[in-house]
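Each chain, letter by letter, is given below.
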Amino acid sequence: MMLRRLRWVAPLAVAAVALTACASEPGETAPAASEESETPTSDVAARADEALEMVTGQILARGPHGEEPSPASVADLTEYEVEQIQGLGATAAIVLHYGGNDWATAQVAGLRARFEELGIEVVAVTDADFDPGQQVSDIETVMAMDPDIIVSIPTDPVATAAAYKAAADAGIKLVFMDNVPNDLVAGTDYVSAVSADNYGNGVVSAHLMAKAMNGQGTLGIIYHEADFFVTQQRYDGFRTTIEEEYPEIEIVEEQGIAGPDFAGDAQAVTDAWLTQHPDLDGIWAVWDVPAEGVMAAARSAGRTDLMIATEDLGTNVAIALAKGEMVVGLGAQVPYDQGVTEANLAGGALLGKSYPPYVALASVPVTHDNVLEAWEIVYHTAPPAEVADSFVD
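Now for a look at the structure at hand.

The rules we used
- Residues numbered from 1 in each chain as written.
- Predicted model: local features only at pLDDT ≥ 70, side-chain atom pairs only at ≥ 80, totals over all residues.
- Heavy atoms only, no water.
- Helix = DSSP H or I, 4+ residues; strand = E, 2+ residues; numbered from the N terminus.
- Contact = heavy atoms within 4.5 Å.
- Pairing = 2+ DSSP bridges.
- Axes fitted to C-alpha atoms, helices over the stretch in contact; angles between N-to-C directions.
- Salt bridge = Lys/Arg side-chain N within 4 Å of Asp/Glu carboxyl O.
- Buried < 20%, exposed > 50% of the residue type's maximum accessible area, 1.4 Å probe, protein only.
- Core = buried A, V, L, I, M, F, W, Y, C linked by side-chain atoms within 4.5 Å.
- Phe/Tyr/Trp six-rings, centres within 6.5 Å; stacked < 30°, edge-to-face > 60°.
- Expected span 1.5 Å × (residues − 1).
- Arc of directions from axis to C-beta.
- 1 Å grid on protein atoms, 1.4 Å probe; cavity = no way out; pocket = protein on both sides within 12 Å on 5 of 7 lines; lining within 4 Å.
- Points joined across faces, edges and corners; volume = space filled by probe spheres on them.
- Nonpolar A, V, L, I, M, F, W, Y, C, P; charged D, E, K, R; others polar.
- Polar contact = N/O pair within 3.5 Å; in protein donor to acceptor, adjacent residues only side chain to side chain.

As a further point, take the overall build of the protein chain. Regarding its fold elements, the protein chain presents 14 helices and 12 strands. A fraction of 77% describes how many contacts in the protein chain between residues 6 or more apart in sequence connect residues 24 or more apart.

Below, the structure is given as structure tokens:
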């Protein structure tokens, strides 16, 4: 069965790709901001690599209500359970917060693939473009289709709560990605929440950034200005790690962006910072789309030596990693596997199974050296030509 291959092979592959990332040669991933920081000292590099090796395969995050994480294997289904689910003729709707990135595409791909194996028809996929009002409307629209399952990620835990509660009261099985609405109770109103280790992703990107910066220099942070649990975890993991483990790196600027034009907002922030701080060494962006805006601003300013770290292995940051241009590393989620896990939880819930409230999957450290292998881990497909052809030794 595909699930068993994912659960037993993927963790080993994640560990292998992470160790490859840790073993990269100093200074290969991107040019540095100054001659002093072109090659990480053995001490900084060794500390960063040791820290990355320690967190590989580990879950550092807690759930939205402080829950201990459970592994994806808790959602595994037996062949008999799969046959039972296939006989139900069930339907599902996928209600996204935002569909305009590779993460969302991979989540939906994993969900569709596993739902098809389970004989569950996907009747709708919606995209709220980060608008809570639109998402409430989307929930009401799909409820009219009478699905047995809704898999969703709330744009706002307060503004969408009543709509999700109405779906739960109607008997629809709810499985959440990353975030949960306020006042809904796991095991009563929803099945479980599935997430990447977003705190761990922040920690990973902090170590990769610190290694590239040689443990010193000036840094700006672009965070997500919203009540959004997982992006807050990324910020907390990154900032805490830099402050506590790399005290010679000074965070000189922080700015939140609210979207929906996240790339444009991040580009505007970076434009201003590079004017105010012409020698700024690095910028962390909360995910890959804002990082694209940072790259655009750096190119316009002639600052292709700017070091950028981020989260999520999107196409454009993967190309930059492959070329060894600006992006020095990132912490990647495994959205395809998350989608498979969500589908399994939903299918099991139809059979009356109960699950832990929070299921998490480990972060994948990604650098220039392992970007092509990491793409296969993250997306379960070969890197597109635009990524593979960009790779330089």
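One open sheet accounts for six strands, arranged S7-S6-S8-S9-S10-S12; its pairing is mixed. Lying at the two open borders of the sheet, with one neighbouring strand each, are strand S7 (249–257) and strand S12 (364–366). Ignoring which end each strand starts from, the neighbouring axes of this sheet average 15° apart. Here four bridges tie strand S6 (residues 217–224) to strand S8 (residues 282–285), and the two strands are oriented parallel to one another. Bridging from a neighbouring strand, leucine 219 pairs with glycine 282 of S8.

The six strands lie next to each other as S2-S1-S3-S4-S5-S11, forming an open sheet whose pairing is parallel. Two strands close off the open sheet at either side, each with one partner strand: strand S2 (121–127) and strand S11 (358–361). Within this sheet the neighbouring strands show an average axis-to-axis angle of 15°, counted without direction. Across four bridges, the pairing between strand S5 (residues 192–196) and S11 is parallel. The partner of alanine 196 across the bridge, within S11, is leucine 361. The strands touched by helix H5 (residues 132–143) are strand S1 (91–96), S2 and strand S3 (149–152); relative to S1, the strand with the most contacts, the crossing angle is about 175°.

The next thing to look at is the pattern of salt bridges. Here the structure, examined in full by the defined rule, presents 11 salt bridges. For glutamate 68, the salt bridge is made with arginine 62, and the minimal N-O distance between the two is 3.2 Å. For glutamate 68, a relative accessible area of 53% puts it in the exposed group. Here arginine 62 falls in the partly exposed class, since its relative accessible area comes to 35%. Several salt bridges share partner residues, and in doing so they unite Lys165, Asp169 and Asp189 into one network.

We now examine the nonpolar core. Residues Phe115, Ile242, Leu313 and Val366 are the most contacted members of the largest nonpolar core, which totals 96 residues. In this structure valine 366 touches Leu208, Leu313, Leu321, Gly329, Leu330, Ala332, Val371 and Ala374, once residues within four positions along its chain are discounted.

Okay, the packing of aromatic side chains next. Throughout the structure, instances matching the rule amount to 11 aromatic pairs. Note on tyrosine 98 and phenylalanine 262: the rings are 6.5 Å apart at their centroids and 70° apart in plane angle, and the pair reads as edge-to-face. Here phenylalanine 262 lies in helix H9 (residues 262–276) and tyrosine 98 lies in the loop between S1 and helix H4 (102–117), a separation of 164 residues in the sequence. For tyrosine 98, a relative accessible area of 11% corresponds to the buried category.

The end-to-end C-alpha distance of H9, which contains 15 residues, comes to 21 Å, matching closely the 21 Å that a straight helix rising 1.5 Å per residue would cover. Those residues of H9 lying buried are Phe262, Ala263, Ala266, Val269, Thr270, Trp273 and Leu274. Seen from one end, H9 has its buried residues packed into an arc of 130°, which puts them on one side. Residues Thr275 and Gln276 are exposed on H9 and point more than 90 degrees away from its buried face. On its buried face, H9 sits against S6, S7, S8 and helix H10 (288–300).

Once that is clear, we can look at the layout of surface pockets. Here the idea is plain: a probe the size of a water molecule rolls over the atoms and shows the empty space left. Its boundaries defined by the atoms lining it, the second largest pocket holds a volume of some 230 Å³. If you trace the second largest pocket, you find 14 residues lining it, with Lys173, Gly187, Thr188, Tyr190 and Val191 closest to the centre. Of the residues contributing to the lining of the second largest pocket, the split by class is seven nonpolar, four polar and three charged.

Mapped onto the fold, valine 55 is located in helix H2 (residues 42–55). Overall, the relative accessible area of 16% leaves valine 55 in the buried class. Every residue in contact with valine 55, bar those within four places of it in the chain, is listed here: Leu60 and Val204.

This part takes up the side chain of threonine 56. Its location among the elements puts threonine 56 in the loop between H2 and helix H3 (79–86). A relative accessible area of 13% means that threonine 56 is categorised as buried. Polar contacts involving the side chain of threonine 56 include one to the main-chain carbonyl oxygen of leucine 52, which spans 2.8 Å.

This next bit is on the pairing of S6. The two faces of the sheet receive side chains in turn, since in a regular strand these alternate between them. Within S6, six of the eight residues are buried, which leaves the element mostly enclosed by the surrounding structure. As judged from the eight bridges shared by S6 and S7, these two strands associate in the parallel manner. Following the sheet pairing, leucine 219 is matched in S7 by isoleucine 251.

Our next topic: helix H12 (residues 335–350). For H12, which comprises 16 residues, the first-to-last C-alpha distance of 23 Å matches the rise-based estimate of 22 Å (1.5 Å per residue) to within 8%. With respect to burial, H12 is a largely interior element, 15 of its 16 residues being buried. Positive backbone phi, at 90°, marks glycine 352, one or two positions downstream of H12.

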